[in-house]
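What follows is each chain in one-letter form.
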There are 2 protein chains.
Amino acid sequence: MMFKKVLIADDCDSTNISVQKTLTDLSIIFDSRDHVTYCDAALSRLQKALANGEPYDLLITDLSFNNDIPQVLEDGTDLIRAAQKVQPGLKIMVFTGEGRNAVASRLYRDLNLDGYVPKGRGDIKDLKAAIEKIANDQRYLSANLRMDLKANFSIIFDEYDKMVISMLMEGNSQKEVAIYIKKNNIKPSSLSSLEKRLSEIKSTLNISNNEQLIAYCKDNKLI
Amino acid sequence: MMFKKVLIADDCDSTNISVQKTLTDLSIIFDSRDHVTYCDAALSRLQKALANGEPYDLLITDLSFNNDIPQVLEDGTDLIRAAQKVQPGLKIMVFTGEGRNAVASRLYRDLNLDGYVPKGRGDIKDLKAAIEKIANDQRYLSANLRMDLKANFSIIFDEYDKMVISMLMEGNSQKEVAIYIKKNNIKPSSLSSLEKRLSEIKSTLNISNNEQLIAYCKDNKLI
DNA sequence: TTCTAACTTACGGAAACCCGTAAAGATAAT
DNA sequence: ATTATCTTTACGGGTTTCCGTAAGTTAGAA
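## Observations concerning the overall build of chain A
Helix and strand counts for chain A stand at 10 helices and six strands. Here chain A has a C-alpha radius of gyration of 19 Å; the compact-globule value for 223 residues is 17 Å, and the two agree. Scored against the burial criterion, the 223 residues of chain A give a buried share of 32%. Taking all contacts inside chain A whose residues are at least 6 apart in sequence as the whole, residues at least 24 apart take part in 63%.

Set out below in structure tokens:
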């Protein structure tokens, strides 16, 4: 189900135009008041919309804001945390040119973001893909970020994932892996859960089959 | 269908015992005269058996022979070539401790061997697996050799294989690959052929699923 | 040519994988 | 304690993959 109401928080006008165009391309109706340039303003719009019974269902925000006016919420992370408190369940994605990728990855995990897209080559396509994924209740981490995850890949893969993928790489079928984890009392032990987890990973990484997943892991020395 | 008549050509007694035991374990009846220690003797036994209408169906041979008596066929490669002339279709595998692995790989291809197992840790298990594979009309290249194929991997993968596996790694399904090669007029263009080729590769490498195959390729930088 | 052997393709059934849904369990907040 | 939410599990149907068989094709040898 595509989004009905999207709020953009970004103090940079030029990027705003692109984002709005992207939303229009996705047939999302967009009111000029759905765009704010201060974090405090963003939060108050969220609250107001919620109070009116017409809450936003997606927030697209930058991380750094140039605050020429003093703000309670000083940057994007403040806004995100506040928004999550005010409206749990609100989908939130970051669209930013700020920061190193390593930072981005940590934020993606720590803030439990639904999507993270860095500005740069191909960002519009990236953004569109992210929005579509998130609209479908999935998470999206830009491919441009994924490349730098070698070190702290735990953001995507936990021990469970690691073991499952390792066993697949050793030639086990998914069924065999399920049998193994059942025997060793590992948390989600059903084949169904395993399938769902694999599917989730692939979806998040925009990967379409197990072969590509293994190649990705090997390329990035994740396992 | 397991082998009925196996000829062993090896001048080393100690290894012979192991090989014979392995054959016995596989329920292959073995006559002491099915073991020779000279290449010429090996060939003549092959010819005799063929003439008697009871040909051997597997030859297991070493590569180097200590020829205290002058021989027409001086080493294993001579024997193999002669045997292939005399009895086309005869399955031939090498079981040897000789030579560098790179050499082994080249031999495996150039002599069109059915199997190649180097002596060393785990060689009995290796041997058994090889015999079973070959009995089933498949080829077998020991895992101990495969590790050194980085450079001359063309022994196993040709351009066709390379492209198919690459496309799988890029997220295409086998069906999609088949459609693509059909479009581009690449030689075996049916999905069936593609399946068979993949299956053959995995069988030869003792690999049980596509995930393991991709991991193997990445590990050995084959693609 | 004609035959044989090898390769390619089509096809079908079994197994594995994918994906959605719904029930059952666990967890947390009120 | 009870609701609500999230996780895990079970299950079913559709797709893909796997693997054997058989039929068709090609290439080379007799």
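## A look at the interface of chain B and chain A
In this complex, chain B contributes 14 residues to the contact, which on the side of chain A involves 15 residues. Ranked by residue count, the leading element in the side of chain B that touches chain A is helix H10 (residues 210-219) of chain B, at six residues. Along the lines of polarity and charge, the residues of the side of chain B that touches chain A split into five nonpolar, six polar and three charged.

## Things to note about the protein's contact with DNA strand D
Neighbouring DNA strand D are 16 residues; Pro188(A), Ser190(A), Ser192(A), Ser173(B) and Gln174(B) lie closest to it. A per-element tally of the surface near DNA strand D places helix H9 (residues 191-204) of chain B first, with four residues. The residue makeup of the surface near DNA strand D, split by class, is two nonpolar, 10 polar and four charged.

## Considerations on the protein's contact with DNA strand C
Neighbouring DNA strand C are 16 residues, the closest being Gln174(A), Pro188(B), Ser190(B), Ser192(B) and Ser193(B). Breaking the surface near DNA strand C down by element, the ones donating at least two residues are helix H8 (174-183) and helix H9 (191-204) of chain A together with H9 of chain B. Ranked by the residues each element gives to the surface near DNA strand C, the list is headed by H9(A), at four residues. Split into classes, the residues belonging to the surface near DNA strand C amount to two nonpolar, 10 polar and four charged.

## So, the sheet that holds strand S3 (residues 58-61) of chain A
Pairing between sheet strands relies on hydrogen bonds along the backbone, with the strands arranged either parallel or antiparallel. All names here are of chain A. In spatial order, the strands read S2-S1-S3-S4-S5-S6; together these six strands make up an open sheet with parallel pairing. The sheet is open, and its two edges are formed by strand S2 (35-36) and strand S6 (140-141), each paired on a single side. With two bridges joining them, strand S1 (residues 6-9) and S2 adopt parallel strand pairing. Note that in S2 the partner of Ile8 across the bridge is His35. Against the sheet, helix H1 (residues 13-25) touches S1, S2, S3 and strand S4 (91-96), its axis set at about 165 degrees to S1. Helix H3 (residues 76-86) contacts S1, S3 and S4 of the sheet and is inclined by roughly 170 degrees relative to S3.

## A look at the relation of the copies chain B and chain A
With an RMSD of 0.1 Å, the fit of chain B onto chain A corresponds to turning through 179 degrees and sliding 0.1 Å along the axis. Each copy turns onto its partner about a two-fold axis. Closest approach to the rotation axis within chain B is made by the C-alpha atom of Glu211(B), at a distance of 2.8 Å. Taken together, the interface assignments show that 100% of the residues at the interface of chain B recur at the interface of chain A, consistent with an identical surface on both copies.

## A look at helix H2 (residues 39-51) of chain A
All names here are of chain A. Spanning 13 residues, H2 covers 18 Å between terminal C-alpha atoms, matching the ideal 18 Å at 1.5 Å per step. When we look at burial in H2, the residues that qualify are Cys39, Ala42, Leu43 and Leu46. One side of H2 carries all its buried residues, which in axial view fall inside an arc of 95 degrees. Across from the buried face of H2, at angles greater than 90 degrees, the exposed residues are Lys48 and Ala51. Packing partners of the buried residues in H2 comprise S1, S2, S3 and H3. Positive backbone phi, at 75 degrees, marks Gly53, one or two positions downstream of H2.

## Considering the packing of helix H8 (residues 174-183) of chain B against H9(B)
Residue and element names in this part refer to chain B. Axis separation between H8 and H9 bottoms out at 9 Å; the angle between their running directions is 120 degrees. Judged by the inter-axis angle, H8 sits oblique to H9. At the point where H8 passes H9, the crossing takes the right-handed sense. Along its contact with H8, which presents Gln174, Lys175, Val177 and Ala178, the element H9 presents Leu191, Leu194 and Glu195. A per-class count over the contact of H8 with H9 returns four nonpolar, one polar and two charged.

## Topic: the sheet that holds strand S1 (residues 6-9) of chain B
All names here are of chain B. Taken in spatial order, the six strands make up an open sheet running S2-S1-S3-S4-S5-S6, and their pairing is parallel. Sheet topology places strand S2 (35-36) and strand S6 (140-141) at the edges, where each strand pairs with a single neighbour. Sheet topology note: the strand S3 (residues 58-61)/strand S4 (residues 91-96) ladder contains four bridges and is parallel. For Ile60, the partnering residue across the bridge sits in S4 and is Met93. Along the sheet, helix H2 (residues 39-51) makes contact with S1, S2 and S3, crossing S1 at roughly 165 degrees. Along the sheet face, helix H3 (residues 76-86) touches S1, S3 and S4 and points at about 170 degrees away from the line of S3.

## Quick notes on the pairing of S1(B)
Every regular strand shows the same layout, with side chains that alternate between the two sheet faces. Residues and elements named next belong to chain B. Residues Val6 and Ile8 of S1 are buried on one face, and the alternating residues Leu7 and Ala9, pointing to the opposite face, are buried as well. The pairing of S1 with S3 spans four bridges and is classified as parallel. Of the residues in S3, the one forming a bridge with Val6 is Leu58. In this fold, the crossover linking S1 to S2 by way of helix H1 (residues 13-25) has right-handed handedness.

Definitions and limits used
- Here, residues in each chain are numbered from 1, in the same order as that chain's written sequence.
- The order in which chains are written sets their letters, starting at A; the order in which ligands are written sets their numbers, starting at 1.
- Totals for whole chains, interfaces and linings use every residue, but because this is a predicted model, local features are given only for residues with pLDDT of at least 70 and side-chain atom pairs only at 80 or more, for both listing and counting.
- Here a helix means four or more residues in a row that DSSP labels H or I, a strand means two or more in a row labelled E, and each is numbered from the N terminus.
- To get the radius of gyration, use the C-alpha atoms; to get the globule rule, take the number of residues to the power 0.38 and multiply by 2.2 Å.
- Remark: C-beta atoms are placed from the backbone, and a residue is labelled buried if 20 or more other C-beta atoms sit within 10 Å of its own, exposed if 12 or fewer do, or partly exposed between those counts.
- Contact between two residues is assigned whenever their backbone-derived C-beta positions fall within 7 Å.
- Under the scheme applied here, ten amino acids are nonpolar (Ala, Val, Leu, Ile, Met, Phe, Trp, Tyr, Cys and Pro), four are charged (Asp, Glu, Lys and Arg), and all others, including Gly, are polar.
- For each residue, a C-beta atom is placed from the backbone, and the residue is labelled near a molecule or strand when this atom is within 6 Å of it.
- Only strands that DSSP links by at least two bridges are regarded as paired with each other.
- Note on definitions: angles span 0 to 180 degrees between N-to-C directions of axes, and those axes are lines fitted to C-alpha atoms, for helices only across the stretch in contact.
- The least-squares superposition of copies is restricted to C-alpha atoms, and to residues with a pLDDT of at least 70 in both copies.
- Here a helix's expected span is defined as the number of its residues, less one, multiplied by 1.5 Å.
- Read the arc as the range of directions from the helix axis to the C-beta atoms.
- By definition in this entry, angles of less than 35 degrees are roughly parallel, angles greater than 145 are roughly antiparallel, angles of 65 to 115 are roughly perpendicular, and the rest are oblique.
- Crossing handedness follows the turn of the near helix against the far one: under a right angle anticlockwise gives a left-handed crossing, and clockwise gives a right-handed one.
- Think of it like this: strands point away, you trace from the first strand over the helix to the second, and a clockwise trace means the crossover is right-handed.

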